[in-house]
Amino acid sequence: MTTLTTNWLIILSGIGQIFTALIYPYIRHHVFDWYNDVKQLKPLNQEICKTYGRYIQGLNFSFGLIAIVFTNELKEQSALAIALTGLIAAYWVGKVATQIAYYPMYQIPQRKLFKIGSYGMNALFALFALVNSALFIHNLIGYYKLPLL
């Protein structure tokens, strides 16, 4: 992993994560009509759904900001770098697994913009999972001084 390669990939991943946080309300409202569905729930369940939506948005933004501001620290092979990159990798790998396992059974509106956006967002999620998984493995190998295969 060269510094130049990982730096631009980490920063690109960070920008993408911030983008997903910023676009998230648009997707919920215009693509999935989420707010109308949530209105059908009991008031407490409405608030729980809204809170989880904010958690997702906040985590995406925070992970992106961390990637941009702490690019070098994310690959320094310390215990904290292992913990943080492992957390972020697990988050995005879980997101990709959920997309594959559950989302294909649902239909998004068939507008061309939404279809293209769906492929773009899935590509971003895969990028986030791959970049952070690679960082996690890089940090594990360096911290525990594991031999390369």
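It should be emphasised that the depicted structure is a prediction, and the values quoted were computed from it without experimental measurement.

(A) Looking closely at the overall build of the protein chain. The number of helices and strands found in the protein chain is 5 helices and 0 strands. Counting only C-alpha atoms, the protein chain reaches 55 × 35 × 25 Å along its principal axes. By residue count, 30% of the 149 residues in the protein chain fall in the buried class. For the protein chain, long-range pairs separated by at least 24 residues make up 82% of all intrachain contacts whose partners lie at least 6 apart in sequence. When the accessible surface of the protein chain is summed, it comes to about 9600 Å², and 70% of that surface belongs to carbon and sulfur atoms. Across the protein chain, the mean location of the 11 positive side-chain charges is 7 Å away from that of the 5 negative side-chain charges.

(B) Highlighting the packing of aromatic side chains. Taken as a whole and judged by the stated rule, the model has 8 aromatic pairs. Consider the rings of Trp92 and Phe128, whose centres lie 4.7 Å apart with planes at 65 degrees: the pair is edge-to-face. Pair noted here: Trp92 is in helix H4 (residues 79-102) and Phe128 is in helix H5 (residues 112-143), with a separation of 36 residues, a long-range link. Comparing Trp92 with Phe128, the two get one shared label, buried. Among the aromatic side chains, those forming a connected cluster through ring pairs are Phe63, Tyr91, Trp92, Phe125 and Phe128. Directly above the aromatic system of Trp34 lies the positively charged group of Arg28, at a separation of 4.9 Å from the ring centroid. Above the ring of Phe114, the side-chain terminus of Arg111 is found at 4.6 Å from the ring centroid.

(C) Broad picture of the nonpolar core. In terms of nonpolar packing, the biggest core is built from 11 residues, these being Ile27, Val31, Phe63, Ile88, Trp92, Val96, Phe114, Met121, Phe125, Phe128 and Ala129. Elements represented by at least two residues in this core include exactly helix H1 (3-31), H4 and H5. Here this core gets 5 residues from one element, more than from any other, and that element is H5. Apart from residues lying up to four places away in sequence, Phe114 is in contact with Tyr26, His30, Val31, Ile108 and Pro109.

(D) The arrangement of unusual backbone geometry in detail. Positive phi, normally seen in glycine, also occurs at Gln77, with a value near 65 degrees. Structurally, Gln77 is set in the loop between helix H3 (43-69) and H4. Even without a glycine there, the phi angle at Lys145 is positive, about 50 degrees. With respect to the secondary-structure elements, Lys145 resides in the segment after H5. For Lys145, a relative accessible area of 69% corresponds to the exposed category.

(E) Representation of the packing of H4 against H5 in the model. Viewed as axis vectors pointing N to C, H4 and H5 meet at an angle of 150 degrees, and their least axial separation amounts to 8 Å. One way to sum up the angle between H4 and H5 is to call them roughly antiparallel. Crossing of H4 against H5: the hand is left-handed. For the pair H4 and H5, contact is made by Ala79, Ala81, Ile82, Thr85, Gly86, Ile88, Ala89, Trp92, Val93, Lys95, Val96 and Gln99 and by Asn122, Phe125, Ala126, Phe128, Ala129, Asn132, Ser133, Leu135, Phe136, Asn139, Leu140 and Tyr143, respectively. Across the contact of H4 with H5, the residue classes tally to 16 nonpolar, 7 polar and 1 charged.

Conventions adopted
Residues numbered from 1 in each chain as written. Predicted model: local features only at pLDDT ≥ 70, side-chain atom pairs only at ≥ 80, totals over all residues. Heavy atoms only, no water. Helix = DSSP H or I, 4+ residues; strand = E, 2+ residues; numbered from the N terminus. Buried < 20%, exposed > 50% of the residue type's maximum accessible area, 1.4 Å probe, protein only. Contact = heavy atoms within 4.5 Å. Areas by Shrake-Rupley, 256 points an atom, 1.4 Å probe, with all protein chains shown as cover. Lys, Arg positive; Asp, Glu negative; His and termini not counted. Charge placed at Lys NZ, Arg CZ, Asp CG, Glu CD. Phe/Tyr/Trp six-rings, centres within 6.5 Å; stacked < 30°, edge-to-face > 60°. Lys NZ or Arg CZ within 6 Å of the ring centre and 35° of its normal. Core = buried A, V, L, I, M, F, W, Y, C linked by side-chain atoms within 4.5 Å. Axes fitted to C-alpha atoms, helices over the stretch in contact; angles between N-to-C directions. Parallel < 35°, antiparallel > 145°, perpendicular 65-115°, else oblique. Left-handed = near helix turned anticlockwise from the far one by under 90°. Nonpolar A, V, L, I, M, F, W, Y, C, P; charged D, E, K, R; others polar.

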